[in-house]
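# Geometric and topological summary
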Amino acid sequence: MRKRIMVGLLVALVATTMLFAQGAQERKGPSKTLEIFSWWTAGGEADGLQAMINEFNRQYPDIEIINATVAGGAGTNAKAVLATRMQGGNPPDTFQVHAGHELIDTWVVSGFMEPVTFILKDAGFMDKYPADVIDIISYNGEVYSIPVNIHRSNVMWYSPKLFAQFNLTPPKTIEDFFKVAEVFKANGIPALALGDNEIWAATHLLESVILANVGPDKYRDLWQGKVKWNDPQVRKGLTDYTKMMGYINRDHAALANMDAAGYVAEGKAAMNVMGDWAAGYYYSQGFKQGVDWDWAPAPGTTGSFIMLSDSFGLPKNAPNRDNVIKWLTLCASQAGQDAFNPIKGSIPSRIDGDRSKYDKYLNAAMDDFASNAIVASVAHGAAVSEPWLTRVNDIMSVFTTDLNVDKAIAEFQAAADRYAPKN
Ligand code: GAL
């Protein structure tokens, strides 16, 4: 009897030890997942991300990617979900974040991120980025995210068919814009497609119209609080915006930004001002450049490039840190960027993208990025802090309907007084 008890105890002991050892091994062994959080759910955005995921899977077949997306352009909904998770101590392994104020003010200064300078250094990539790009992802001498692309905000997409039908030339200036817009209007065609069911699309249009009126230097100063909103050129920009609202599609408030870009390719509207993810959308739908769509700088903005950049970061306490480092190394690499950007409709943030992989539009965007005056996008987290942008979007929600320039000037100025950097 006693012998049996002894054997029983021994068996139990061995079994417990084995279980414990297995548990320890599971805890210590390499983690097998990687959660990537973004708002890329459709069109060229989802396809571009998938191309990079495929490349990751090829390199690391044992790691399962959890592609966590929250729909809504410009991060309309994703940013709120992310904030809840970060503040609740439940960060995704890595997340899409705009380079510039959105990254630095929202996540870095508040202490949520680990620096990733070591990733660029270890891979020998430090000198593969323009200094300006390194600058907007840096804080106190450390890099805090890996930029995977550069997008251009101030692009006018237009329908070559409609312009040919009415024998018109795509407008280079705001004045030309209104001339051609009159012709389209007289023929019952919306000259300008707007899809502002999410209000950022209106802010997106506004930043180009303001740039057209004030030029790049003053644009920079305006968004640093150094130019007043009652400046005559700024006022003219806001007035032009209200006039443009006379030429848009009736269903704009119910339409998504991608669908507004689609209106142009389908010949339902003549022009649309949107970032070059619209090109990614056209690629994904099989619309042909030169036939269904073409592009020019947004009217009045030739020579300037409103930039924004999508990047990925490493939150403190990321559950699968080693796998994030692998992902960020891929994001930083030429192979990763050249898999992603030709589909996404953006150009690489590195200086050595393989141009043969990019279409005519993206090659032209690379030329412009290298030679234009570069300014930062407001609508996409690069130029101003999130609280300021949120207020700008709120003002735009009302301004787009009431078209009250004086009231908008007062509100924009109050927002600048409250949120612009004080030094
Ligand atoms: C931007 C983002 C782009 C694209 C776009 C539309 O803010 O940088 O990558 O996703 O929103 O959703």
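From a predicted model like this one, the values you see are computed outputs, not experimental measurements.

Here we take up helix H12 (residues 277-285). Inspection of H12 places Trp277, Ala278, Ala279, Gly280, Tyr281 and Tyr282 among the buried residues, and these make up the whole buried set. Two residues or fewer past H12, Gly286 is found with a positive phi of approximately 80°.

Here we come to the site of the ligand. Around the ligand, the neighbouring residues are Trp39, Trp40, Glu45, Gly73, Ala74, His98, His151, Trp277, Leu308, Asp310, Lys344 and His380. Within the side chain of Trp40, one N or O atom sits 3.0 Å away from an oxygen atom of the ligand. Between an oxygen atom of the ligand and a side-chain N or O atom of His98, the distance comes to 2.8 Å. Protein chains bury 99% of the 300 Å² of accessible surface belonging to the ligand in isolation. Here the shell around the ligand is composed, by residue class, of five nonpolar, four polar and three charged.

Here the focus is the domain arrangement of the chain. Under the domain assignment used here, the chain contains domain 1 (28-151 + 308-376) and domain 2 (152-307 + 379-419). Domain 1 and domain 2 are separated by 26 Å when their C-alpha centres are compared. Across the domain 1 to domain 2 interface the summed buried area is about 3100 Å²; carbon plus sulfur atoms make up 61%. On the surface where domain 1 and domain 2 come into contact, there are two salt bridges. In this structure, Arg152 engages Asp368 in a salt bridge whose closest nitrogen and oxygen atoms are separated by 2.9 Å.

What follows covers the nonpolar core. As a rule of thumb, nonpolar side chains are buried together in soluble globular proteins. Judged by nonpolar contacts, the single largest core of 80 residues is most densely connected at Ile146, Trp157, Trp327, Leu328 and Tyr361. A total of seven residues in this core trace back to one element, the largest contributor, which is helix H13 (residues 321-332). Split by domain, this core shows at least three residues from each of two domains, domain 1 (28-151 + 308-376) and domain 2 (152-307 + 379-419). Contact partners of Trp327, with chain neighbours within four places excluded, come to Leu34, Ile36, Leu49, Met52, Ile53, Phe56, Thr94 and Phe312. Grouped together as the second largest cluster of nonpolar side chains are 56 residues, Ile210, Leu222, Val234 and Val405 included.

To continue, consider the sheet that holds strand S10 (residues 271-273). In any sheet, the strands associate via hydrogen bonds between backbone groups, in a parallel or an antiparallel arrangement. Judged by pairing direction, the sheet is mixed, and its four strands sit side by side in the order S9-S10-S8-S11 without closing on themselves. The sheet is open, and its two borders are formed by strand S9 (192-193) and strand S11 (294-297), each paired with just one other strand.

Let us now look at the pairing of strand S8 (residues 155-158). In S8, alternate side chains face the same way, and those of Val155 and Trp157 on one face and Met156 and Tyr158 on the other are all buried. Pairing of S8 with S11 involves four bridges; the strand directions are antiparallel. Counted as the bridge partner of Met156 is Ala296 from S11. In the sheet, S8 pairs with S10 via three bridges, with the strands oriented antiparallel. Among the inter-strand pairings, Met156 is bridged to a residue of S10, identified as Val273.

Let's shift gears to the sheet that holds strand S7 (residues 151-152). If you walk across this open sheet you meet the three strands as S7-S12-S14, and the pairing is mixed. The two strands at the open ends of the sheet, each matched to only one other strand, are S7 and strand S14 (373-376). Here strand S12 (residues 304-308) pairs with S14 via four bridges, running parallel. Bridge assignment links Met307 to a residue of S14, and that residue is Ala376.

Once that is clear, we can look at the pattern of salt bridges. Summed over all chains, the structure comprises 19 salt bridges. Residues Arg85 and Glu35 are paired through a salt bridge, measuring 2.8 Å at the closest nitrogen-oxygen approach. With Arg85 in helix H3 (residues 78-87) and Glu35 in strand S1 (residues 33-38), this pair connects stretches of sequence that are 50 residues apart. What makes Glu35 buried here is its relative accessible area of 15%.

Compared with an ideal rise of 1.5 Å per residue, which puts 12 residues at 16 Å, helix H15 (residues 360-371) spans 17 Å between its outermost C-alpha atoms and is within 8% of the ideal. Residues of H15 that are buried include every one of Tyr361, Leu362, Asn363, Ala365, Met366 and Phe369, and no others. Of the residues flanking the start of H15, the one acting as N-cap is Asp359, its side-chain oxygen 3.3 Å from the backbone nitrogen of Tyr361.

Take the environment of Phe163 next. Relative to the helices and strands, Phe163 is located in helix H7 (residues 160-165). What makes Phe163 buried here is its relative accessible area of 2%. Considering only alpha carbons, one finds Phe163 and Val227, 64 residues apart in sequence, at a separation of 37 Å. Leaving out residues up to four positions away in the same chain, Phe163 has contacts with Tyr158, Leu168, Thr169, Pro170, Pro171, Val180, Phe184, Ala270 and Met271.

Relative to the assigned elements, Leu103 resides in helix H4 (residues 101-108). For Leu103, a relative accessible area of 0% puts it in the buried group. For the pair formed by Leu103 and Met113, sequence separation is 10 residues and the distance between their alpha carbons is 9.3 Å. Here Leu103 is in contact with Val97, His98, Val108, Ile137, Tyr144 and Ser145, once residues within four sequence places are set aside.

Criteria and cut-off values
- Residues numbered from 1 in each chain as written.
- Predicted model: local features only at pLDDT ≥ 70, side-chain atom pairs only at ≥ 80, totals over all residues.
- Heavy atoms only, no water.
- Buried < 20%, exposed > 50% of the residue type's maximum accessible area, 1.4 Å probe, protein only.
- Helix = DSSP H or I, 4+ residues; strand = E, 2+ residues; numbered from the N terminus.
- Near = heavy atom within 4 Å.
- Polar contact = N/O pair within 3.5 Å; in protein donor to acceptor, adjacent residues only side chain to side chain.
- Areas by Shrake-Rupley, 256 points an atom, 1.4 Å probe, with all protein chains shown as cover.
- Nonpolar A, V, L, I, M, F, W, Y, C, P; charged D, E, K, R; others polar.
- Domains from an automatic or database assignment.
- Buried area = accessible area lost by both parts, 1.4 Å probe.
- Salt bridge = Lys/Arg side-chain N within 4 Å of Asp/Glu carboxyl O.
- Core = buried A, V, L, I, M, F, W, Y, C linked by side-chain atoms within 4.5 Å.
- Contact = heavy atoms within 4.5 Å.
- Pairing = 2+ DSSP bridges.
- Expected span 1.5 Å × (residues − 1).

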